[in-house]
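Structural overview
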Amino acid sequence: TSYYKRREPQALEEAELVENMYDCLCSALHAPANQTLFLKAEGIELMILTLKERRFAAQGALRALSASLARNGANCERFVDIRGFKTLFPLVGAAPPPPPAIMADAAAAASAATSLAGGGGGGIAGTDGSHGTRGEEDWAANCAGAG
């Protein structure tokens with residue numbers, strides 16, 4: 001996880017890898033033995049540093065930190081000792097970090113696909129009160145004009 005502390009994923013697959021990595025870490029931290037190992041490996045400190053950077057990995061770090069503090073007094077004590085609340089409180093109510101540029105590209109592609117399926121930019125079928133026929137005609141006209 002330290003690799004993504006200061007770096008953004010460069011592709012959608014890499015972003016998914018980061019999310020899956022934090023999901024696995026959270027699942028592993030449900031076991032008390034793993035929470036103890038996480039404390040000894042200074043995982044709490046790493047998650048705090050990742051949160052401070054406010055990058056893509058910050059949301060996963062927050063989940064992992066939550067999982068590591070659940071029902072573990074030693075981890076909670078360490079969190080307080082390293083002044084974790086100083087990092088955590090500014091995040092409460094703040095806007096989430098912006099997604100990497102690759103995520104914006106994916107959102108644009110999804111939007112284009114949605115507009116194509118929804119009538120080629122002519123609106124969603126049936127929103128004009130015509131029971132959906134206008135949208136279907138617009139879509140057919142756009143398809144015929146594209147070919």
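Our subject is the structure that appears above.
Residues numbered from 1 in each chain as written. Predicted model: local features only at pLDDT ≥ 70, side-chain atom pairs only at ≥ 80, totals over all residues. Heavy atoms only, no water.

Within the secondary structure, Thr50 sits in helix α3 (residues 43-53). The class of Thr50 is buried, set by a relative accessible area of 1%. There is a polar contact of 2.8 Å between the side chain of Thr50 and the backbone oxygen of Leu46. Beyond its immediate chain neighbours, meaning those up to four positions away, Thr50 contacts Lys5, Tyr22, Ala57, Ala58 and Ala61. (Helix = DSSP H or I, 4+ residues; strand = E, 2+ residues; numbered from the N terminus. Buried < 20%, exposed > 50% of the residue type's maximum accessible area, 1.4 Å probe, protein only. Polar contact = N/O pair within 3.5 Å; in protein donor to acceptor, adjacent residues only side chain to side chain. Contact = heavy atoms within 4.5 Å.)

Compared with an ideal rise of 1.5 Å per residue, which puts 17 residues at 24 Å, helix α1 (residues 12-28) spans 24 Å between its outermost C-alpha atoms and is within 8% of the ideal. Of all the positions in α1, only Ala15, Val18, Tyr22 and Cys26 are classed as buried. One face of α1 carries all of its buried residues, which in axial projection span an arc of 75 degrees. Facing away from the buried side of α1, by more than 90 degrees, are the exposed residues Glu13, Cys24 and Ser27. (Expected span 1.5 Å × (residues − 1). Arc of directions from axis to C-beta.)

Using the criterion set out here, one finds 2 aromatic pairs in the structure. Geometrically, the ring pair formed by Phe79 and Phe85 is edge-to-face, given 5.0 Å between the ring centres and 80 degrees between the ring planes. The class of Phe79 is buried, set by a relative accessible area of 3%. Where Phe85 meets Phe89, the ring centres are 5.3 Å apart and the plane angle is 20 degrees; that geometry is what we call stacked. Looking at Phe85, the relative accessible area reads 37%, which means it is partly exposed. For Phe89, a relative accessible area of 56% corresponds to the exposed category. (Phe/Tyr/Trp six-rings, centres within 6.5 Å; stacked < 30°, edge-to-face > 60°.)

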